[in-house]
Amino acid sequence: MSEFVRIAPGALTIGRPLPWDVHDTDGKVLLCQGYVIQTESQLEQLFERGYFKPRVIELPPEDEDAASNEADSNPFARYPDYLHALEKALASIAAGNPEARKQLQDLAQALEQACTLAPDSSLALVHLYSVGPTIHEQIIFYAILCQLIARQFGLNEQRTSILTEAALSANLALVPVADKLNAFNKVLSDEQRSVIRKHPQRSIRALRAVGVDNKLLLTIIAQHHEQADGSGYPAGLSGADIRPEAEILALAERYVAMITKRAYRKRMNVTAARKLITNLADGGFRPAIPKALLLVLGEYPPGTLVRLENNEVGVISGRPVRASGPFVHVVFDSAGERYEVPPQRDTSVPDFNIQAVEEPDMMPSMNFSQIWGFSG
């Protein structure tokens, strides 16, 4: 069991899909990733008996075959690896470890691989786990969205890679306090606001201390809370003085905040979030950047639960392709009975048109790898 790690209290939440398989002391799987915890007693049992198995993310060998690349691109299977790698990389930066930049680059490349080979699955990951994510989960979401928005916007591969590294490290200085701030349901104190406003400079100082001196990366971090109208921080920049990469990161953070539940407000559904993003295209951002996010999301982003015209309920598994889609894998039939193997529906077919977005109090348990066509 040396390779397994005990699940820490606070790592799992009622109503959210398990982020990884949960094992017992013998290494046997107790519950699979995607299972939704229903009760406090279930949660307590998992904290008492449960373990998970993190893996180290490293750059793949150049001669690695395509099948292996495909297996490593399953964002659901690799989700715990992403979180473990991020926590390790940020801790290395905070400790002044010179290996930190390589750890950051390895993780950025792993996410780039997933977004390239499995973009719908990567986008689904963001929405399936957006109910109450930790700061480390939110940062992974920022990086995925930055990858997808940047490609739609037309950034080249090198700039997109640096943007992904910036997304993974920009909130380094907030990590120790972010989860507490998200759980805080009162007006923030002056001290708390100061911590938030100073986090870009503090993150930059920590990165410089481990030898990160890439000008674009540091500029993205410095500017990702600036506003086109000059009302942002820390420098009050405006208009074209703000890098498009910084605006992409800012929009990724804004979107995750919209669809994430916080102690002081409810989360938005994707329809309301899309309307707000449309308004952002009228000012505050270069119009092409919010438009790029809207194109990435589509009307119904992967990972969204919907009810179909025939009263089946399922999850959006694929964005439209030409005149077909979006595509749905149906979890419940019209009588509310669960399908053992979720069938796929093309919602451009009249009987399977989308009737409404579903917002259940409790997410249904799903086998994500099965739905999105991965073997494991």
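Residues numbered from 1 in each chain as written. Predicted model: local features only at pLDDT ≥ 70, side-chain atom pairs only at ≥ 80, totals over all residues. Heavy atoms only, no water.

What am I meant to see in unusual backbone geometry here?
Most peptide bonds are trans, and most residues other than glycine sit at a negative phi. The amide bond that connects Y233 to the next residue, P234, takes the cis arrangement and shows omega of 5 degrees. Summarising the element assignment, P234 is placed in the loop between α10 (215–223) and α11 (244–258). The omega angle of the peptide bond from G325 to P326 is 0 degrees, so this bond is cis rather than trans. Relative to the elements of secondary structure, P326 occurs in the loop between β6 (313–318) and β7 (327–332). Backbone geometry at N311 places phi at a positive 75 degrees, although glycine is not the residue there. Looking at the secondary structure, you find N311 in the loop between β5 (305–308) and β6. (Helix = DSSP H or I, 4+ residues; strand = E, 2+ residues; numbered from the N terminus.)

Help me out: how do you make sense of the nonpolar core in this one?
Within the largest apolar cluster, 86 residues are counted, with the highest numbers of intra-cluster contacts made by L128, I140, L168 and Y255. Here the element with the most residues in this core is helix α6 (residues 135–153); it accounts for 12 residues. In this structure, L168 is in contact with L86, L90, L104, L107, A108, L111, I139, I140 and A143, ignoring residues within four places of it in sequence. One finds I7, L12, W20 and F52 within the second-largest nonpolar core, a separate group that totals 10 residues. (Core = buried A, V, L, I, M, F, W, Y, C linked by side-chain atoms within 4.5 Å. Buried < 20%, exposed > 50% of the residue type's maximum accessible area, 1.4 Å probe, protein only. Contact = heavy atoms within 4.5 Å.)

I tried to follow the side chain of R345 on my own but got confused; where do I start?
On the secondary structure map, R345 appears in strand β8 (residues 344–346). Reaching out from R345, the side chain makes a polar contact with the side chain of E312 at a distance of 2.9 Å. If sequence neighbours within four positions are ignored, R345 has contacts with L308, E312, P326, F327, V328, V330, Y339 and F352. (Polar contact = N/O pair within 3.5 Å; in protein donor to acceptor, adjacent residues only side chain to side chain.)

Quick question: what am I supposed to make of the pattern of salt bridges here?
Pairing is possible between side chains that carry opposite charge, provided their charged atoms lie close to one another. Under the criterion given, the structure shown has 10 salt bridges. The salt bridge partner of R243 is E245, with a shortest N-O separation of 3.1 Å. Accessibility expressed as a relative area gives 31% for R243, which makes it partly exposed. Taking the relative accessible area as the measure of exposure, E245 reaches 0% and is therefore buried. R307 is paired through a salt bridge with E358; the nearest N and O atoms lie 3.2 Å apart. Pair noted here: R307 is in strand β5 and E358 is in the loop between β9 (354–357) and α14 (368–371), with a separation of 51 residues, a long-range link. Note on E358: relative accessible area 24%, which makes it partly exposed. Where salt bridges share partners, they join R159, R243 and E245 into one cluster. (Salt bridge = Lys/Arg side-chain N within 4 Å of Asp/Glu carboxyl O.)

Help me understand the pairing of β5 in this model?
Remember that side chains alternate between the two faces of the sheet whenever the strand is regular. Judged from the three bridges that link them, β5 and β6 form a sheet pairing that is antiparallel. Bridging across to β6, V306 finds its partner in G314. Pairing analysis gives three bridges linking β5 to β9, with the strands arranged antiparallel. Note on β9: the bridge partner recorded for V306 is V357. (Pairing = 2+ DSSP bridges.)

Explain the packing of aromatic side chains here, please?
Any two aromatic rings considered together are summarised by their centre-to-centre distance and by the angle between their planes. Across all of its chains, the model carries six aromatic pairs by this definition. Chaining the aromatic ring pairs together yields one cluster made of F76, Y79, Y129, F368 and W372. (Phe/Tyr/Trp six-rings, centres within 6.5 Å; stacked < 30°, edge-to-face > 60°.)

What's the story with the sheet that holds β8 in this structure? I'm lost.
Strand pairing in a sheet relies on backbone hydrogen bonds. The paired strands run either parallel or antiparallel. The strand order β8-β7-β6-β5-β9 describes an open sheet built from five strands, whose pairing is antiparallel. Two strands lie at the open edges of the sheet, namely β8 and β9, each paired on one side alone. Taking the axes of each pair of neighbouring strands and ignoring which way they run, one obtains an average angle of 45 degrees across the sheet. The sheet contact formed by β6 and β7 spans five bridges and is antiparallel. By the bridge assignment, V315 is partnered in β7 with H329. (Axes fitted to C-alpha atoms, helices over the stretch in contact; angles between N-to-C directions.)

Just to check I follow, could you spell out the environment of E99 for this structure?
Locating E99 in the fold gives a position in the loop between α3 (75–94) and α4 (100–117). By relative accessible area, which is 45% here, E99 ends up partly exposed.

Just checking my understanding: could you explain the environment of R243 for this structure?
Summarising the element assignment, R243 is placed in the loop between α10 and α11. Measuring from C-alpha to C-alpha, the distance between R243 and E226 comes to 9.7 Å, with 17 residues separating the pair along the chain. For R243, the contacting residues outside a window of four places in its chain are R159, L216, T219, Q223 and R286. At 3.1 Å, the side chain of R243 forms a polar contact with the side chain of E245.

Explain the packing of α11 against helix α12 (residues 270–280) here, please?
Relative orientation and spacing of two packed helices are given, respectively, by the angle between their axes and the distance between those axes. Between α11 and α12, the shortest axis-to-axis distance is 10 Å and the interhelical angle comes to 150 degrees. Classed by the angle they form, the pair α11 and α12 counts as roughly antiparallel. Between α11 and α12 lies a crossing whose hand is right-handed. Residues L251, R254, Y255 and M258 of α11 form the contact with α12, whose own contacting residues are V270, A273, L276, I277 and L280. Across the contact of α11 with α12, the residue classes tally to eight nonpolar, no polar and one charged. (Parallel < 35°, antiparallel > 145°, perpendicular 65-115°, else oblique. Left-handed = near helix turned anticlockwise from the far one by under 90°. Nonpolar A, V, L, I, M, F, W, Y, C, P; charged D, E, K, R; others polar.)

What should I look at first to understand helix α13 (residues 288–297) in this one?
Structurally, the α-helix is built with 3.6 residues per turn, so residues lying three or four positions apart point the same way. Most of α13 sits inside the fold, with seven of its 10 residues counted as buried. Within α13, the full set of buried residues consists of I289, P290, A292, L293, L294, V296 and L297. Buried residues in α13 make contact with α5 (119–128), α6, α11 and α12. Positive backbone phi, at 70 degrees, marks G298, one or two positions downstream of α13.

Remember that the coordinates give geometry; whether it matters functionally is a separate question.
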